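# Structural characterization, general
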Amino acid sequence: MKIEFLSKKQKKEIKKMLLENYGIRIDMVYNLIKTGKNKIRFFTGEISEKELRMLNSLIKIESIGIPFLNLEKGPRLAFDAATLFGKMATKNFLELNKEQALRWMRGESIESEEEKERFLIIKYKGYTLGTGKIYKKKLLNFVPKERRTDLIDS
Amino acid sequence: MKYEPKEELKERIKNLLWEEAEAFWDFCKRPLPNVIRCNTLKISCKDLKKKLEEKWNVLQPYELHPEIMIIESELKSGELGKALEHQLGYYYVQELASMQAPIALQPKPHEKVLDLCAAPGSKTTQIAALMKNKGLIIANDIKIERIRALNSNLERCGCTNVIITKMRGNILCKKLAKKEFFFDKILVDAPCSGEGTIRFDCSVLRMWNLDMIKRLSGLQKKLLASAVSCLKSGGFLVYSTCTFSPEENEEVVQFALDNFPLELVDFELPLKARPGLVEWQGKKFSPEMRKCKRIWPQDNNTEGFFIAKLIKK
């Protein structure tokens, strides 16, 4: 597996990006790992970079930490990272009503009045439902297939 | 039950339980209770209970383990696994007996833990929660489709301190030991004949045979032996299976005691458990084997499980 540790400077930039975009403050004492173009994973495992490189050359690593950010066209928090950190968001979030939340969790994109292209953290009754993107008066859906459901309430 | 147990299995269960064998087979016909484990990496037990009580009747039967919740309401098929709180990783649908192996292991934050046969990840996610995402877990399995499920569950539950590897367990341990990469704690939840899972899937009765038990016993010994090689001195190893056959349980533990610097240790569980066997079909095991725990369905309304906890001298 291709593993590239982000430098202190790169981590600082991502910390700033999250704070500016969503108001999310995450201490970057942990490792951010780049595994593909623009794809960043969040890893709190206590292992040195040297040891991890040794492991990676020795054994078949399938995965490390969890998907965190996709930096292509802006900082999009991965669905499972959003459900972990999204409650800290103080800006650029959108609260859905029940009908919208149901459609959202089914994987549908939702009409929007807004035009400004940007990423938003999606919320519903205290739950964080991932991240969406406003694009051409639509809130584009990024809920992964395996997280979709139509059971959002009793 | 869709499948009937073979006479040979009935006889073996009778030799293990005697007059209680009938109660065991009676329990095997009953559906399992709906049990979930709160994922404390994402939500507190108190907050999850409050949310779930808006739709279900939720019990927390174990004072020291508030994360264990039983849903008493009648549920539609698949409802627990499709509910929003599940999709967001707030809980894991996990059988009560299966939760006992990580409880026995007692992983702590900042420790280095190996989960040798990890997929689909119920115990790995539980270990990560007990470690509060601090320290390191190496979660290994061999089949790619099982790794996919493991990966998805770890991501859903926000387990950020895990490295997933795909290798034969014995080869992985050999390579790690060679590089002196040792662990504080190791879970070997070994592949087994699954006699304890009849309530969940009675097709195990159709596949059950003595040759399979013999073959699995060999594999289990190999896995346990290799795991010992990458355990620190003073480190703990939990060996568990979801089966009752002594060839896959006490016999495997006896093999480890005879060949490696290991001792069995006592441990507490929230469930009623019976001691390990000291004899089976004329074969004698160490008296220390009583420290192992056998969990029977009829004792706690669960599946069946075997757990041994060992320390490396």
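Since the model is a prediction, treat every value here as computed from it, not as a measurement.

## Some details on the pattern of salt bridges
- Summed over the entire model, instances satisfying the criterion amount to 27 salt bridges over all chains.
- Residues Glu49 of chain A and Arg53 of chain A are paired through a salt bridge, measuring 2.7 Å at the closest nitrogen-oxygen approach. With Glu49 of chain A and Arg53 of chain A both in helix H2 (residues 49-58), this residue pair falls 4 residues apart, about one helical turn.
- Assessed through its relative accessible area of 37%, Glu49 of chain A is described here as partly exposed.
- Judged by relative accessible area, Arg53 of chain A falls into the partly exposed class, the value being 42%.
- Within the structure, one salt-bridge network assembled from shared partners comprises Glu20, Lys272, Arg274 and Asp299 of chain B.

## Concerning the domain arrangement of chain B
Residues and elements named next belong to chain B.
- Its domain assignment divides chain B into domain 1 (7-29 + 97-312) and domain 2 (33-94).
- The distance between the C-alpha centroids of domain 1 and domain 2 comes to 25 Å.
- The partner domain 2 presents 18 residues to the 23 residues of domain 1 that form the contact.
- Interface area, domain 1 with domain 2, both sides summed: about 1,500 Å², of which 61% is carbon and sulfur.
- The largest share of the area that domain 1 buries against domain 2 comes from Met99, Arg156 and Cys157, three residues that together contribute 43% of it.
- Connecting domain 1 to domain 2 are 0 salt bridges.
- At the boundary of domain 1 with domain 2, the tally comes to 10 residue pairs in polar contact (both at pLDDT 80 or more).
- Elements with a minimum of two residues in the side of domain 1 that touches domain 2: helix H7 (122-130) and helix H8 (144-156).

## A short note on the layout of surface pockets
- The calculated volume of the second largest pocket comes to roughly 760 Å³.
- The wall of the second largest pocket is formed by 35 residues, among which Thr40, Gln126, Ala129, Leu130 and Lys132 of chain B lie closest to the centre.
- The set of elements that each furnish at least two residues to the lining of the second largest pocket consists of helix H3 (79-85) of chain A together with strand S1 (34-38), helix H6 (100-105) and H7 of chain B.
- Residues of the lining of the second largest pocket, tallied by class, amount to 20 nonpolar, 7 polar and 8 charged.

## With respect to the sheet that holds strand S3 (residues 68-71) of chain B
All names here are of chain B.
- With antiparallel pairing, 4 strands are arranged side by side in an open sheet as S2-S3-S1-S4. Each end of this open sheet is capped by a strand with a single partner; those strands are strand S2 (58-59) and strand S4 (91-93).
- Relative to S3, S2 is paired through 2 bridges, and the arrangement is antiparallel. When the bridges of S3 are listed, Leu59 appears paired with Ile70.
- Helix H3 (residues 45-52) contacts S1, S2, S3 and S4 of the sheet and is inclined by roughly 10° relative to S3.

## Brief notes about the state of the cysteines
Residue and element names in this part refer to chain B.
- Within the structure shown, the criterion is met by 0 disulfides over all chains.
- The closest cysteine sulfur to the non-disulfide-bonded Cys38 is located on Cys45, 4.0 Å from its own sulfur.
- With no disulfide of its own, Cys230 has Cys173 as its nearest cysteine by sulfur position, at a separation of 3.7 Å.

## Side note on the domain arrangement of chain A
All names here are of chain A.
- Split into domains, chain A comes out as domain 1 (1-78) and domain 2 (92-154).
- Each of domain 1 and domain 2 has a C-alpha centre, and the two are 25 Å apart.
- Opposite the 9 residues of domain 1 that make contact, domain 2 presents 7 residues.
- Summed over both partners, the interface of domain 1 with domain 2 buries about 660 Å², with 62% contributed by carbon and sulfur atoms.
- On the domain 1 side of the interface with domain 2, the three residues burying the most area are Tyr22, Lys73 and Arg76, jointly 67% of the side's total.

## Quick notes on the pairing of strand S2 (residues 31-36) of chain A
Residues and elements named next belong to chain A.
- Pairing of strand S1 (residues 4-5) with S2, which is carried by 2 bridges, proceeds in the antiparallel orientation. In the strand pairing of S2, Glu4 is matched with Lys34.
- Note that S2 and strand S3 (residues 39-43) share 5 bridges and pair antiparallel. Of the residues in S3, the one forming a bridge with Lys34 is Ile40.
- In this antiparallel pair of consecutive strands, S2 and S3, the connection spans 2 residues, and Asn38 shows a positive phi of 70°.

## Notes on the nonpolar core
Residues and elements named next belong to chain B.
- If you look at the biggest cluster of nonpolar residues, it comprises 65 residues, and the most contacted ones within it are Val188 and Leu237.
- In terms of residues, this core owes the most to one element, helix H11 (residues 210-229), which gives 5 residues.
- With sequence-adjacent residues up to four places away left out, Val188 is seen in contact with Leu116, Leu223, Leu224, Ala227, Leu237, Val238, Tyr239 and Ser240.
- Ile68, Ile70, Leu105 and Ile147 belong to the second-largest nonpolar core, a separate cluster that totals 39 residues.

## Quick notes on the confidence of the model for chain B
- Averaged over all residues, the pLDDT of chain B is 97; the fraction at 70 or higher stands at 100%.
- With pTM at 0.97, the complex prediction returns an ipTM value of 0.96.

## Topic: the packing of helix H1 (residues 7-17) of chain B against helix H2 (residues 21-28) of chain B
Residues and elements named next belong to chain B.
- Two numbers describe how H1 lies on H2: the axes approach to 8 Å, and their chain directions differ by 125°. It follows from the interaxial angle that H1 and H2 lie oblique. On H2, the residues that touch Leu9, Lys10, Ile13, Lys14 and Leu17 of H1 are Ala21, Phe24 and Trp25.
- Residues belonging to the contact of H1 with H2 are distributed by class as follows: 6 nonpolar, no polar and 2 charged.

## Considerations on the packing of helix H9 (residues 169-178) of chain B against H11 of chain B
All names here are of chain B.
- Their axes nearest at 8 Å, the elements H9 and H11 cross at an angle of 15°. The orientation of H9 with respect to H11, classified from their angle, is roughly parallel. The interaxial crossing formed by H9 with H11 has left-handed handedness. Along the contact surface, H9 presents Gly169, Asn170, Cys173 and Ala177, while H11 presents Lys222, Leu223, Ser226, Ala227 and Ser229.

Cut-off values and rules
The residue numbering used here restarts from 1 in each chain and proceeds along that chain's sequence as written. Think of it this way: whatever chain is written first is A, whatever ligand is written first is 1, and the rest follow in order. In keeping with the model being predicted, local features are shown solely for residues with a pLDDT of at least 70 and side-chain atom pairs are shown and tallied solely at 80 or more, while totals for entire chains, interfaces and linings include all residues. Excluding hydrogens and water, the side-chain figures rest on all heavy atoms present in the structure. Salt bridge, as used here: a side-chain nitrogen of Lys or Arg that lies within 4 Å of a carboxyl oxygen of Asp or Glu. Only runs of H or I of at least four residues qualify as helices and only runs of E of at least two qualify as strands under DSSP, and these elements are numbered from the N terminus. Exposure categories follow from relative accessible area, calculated using a 1.4 Å probe and restricted to protein chains: below 20% of the type maximum is buried, above 50% is exposed, and the middle band is partly exposed. Start and end positions for the domains come from either an automated domain assignment or a database one. Contacts were defined at the residue level, with two residues in contact if any of their heavy atoms lie within 4.5 Å. In this description, buried area is defined as the sum, over both parts, of the accessible area (probe of 1.4 Å) that is lost when the two are combined. The term polar contact refers here to a pair of N or O atoms within 3.5 Å; inside protein, the definition further demands a hydrogen-donor-capable atom paired with an acceptor-capable atom, and it admits residues adjacent in sequence only when both atoms are side-chain atoms. Of the two site types, the cavity is a set of points on a 1 Å grid over the protein atoms alone where a 1.4 Å probe fits but cannot get out, and the pocket is an open set with protein on both sides within 12 Å along at least five of seven lines, each lined by residues with an atom within 4 Å of a point. Grid points are joined across faces, edges and corners, and a volume is the space filled by probe spheres set on the points. Note on residue classes: Ala, Val, Leu, Ile, Met, Phe, Trp, Tyr, Cys and Pro are nonpolar, Asp, Glu, Lys and Arg are charged, and everything else, Gly too, is polar. In short, DSSP must find at least two bridges between two strands for them to pair. Working convention: axes come from line fits to C-alpha atoms, limited for helices to the stretch in contact. Angles between N-to-C directions cover 0 to 180 degrees. The criterion for a disulfide is a pair of cysteine sulfur atoms lying within 2.5 Å. Grouping buried Ala, Val, Leu, Ile, Met, Phe, Trp, Tyr and Cys residues that are joined through side-chain atoms within 4.5 Å yields what is termed a nonpolar core. As a per-residue quantity, pLDDT reports the predictor's confidence and falls between 0 and 100. Throughout, the term roughly parallel applies to angles under 35 degrees, roughly antiparallel to angles over 145, roughly perpendicular to angles from 65 to 115, and oblique to all others. In this scheme, a crossing is called left-handed if the near helix is turned counterclockwise away from the far one by less than a right angle; it is called right-handed if the turn is clockwise.

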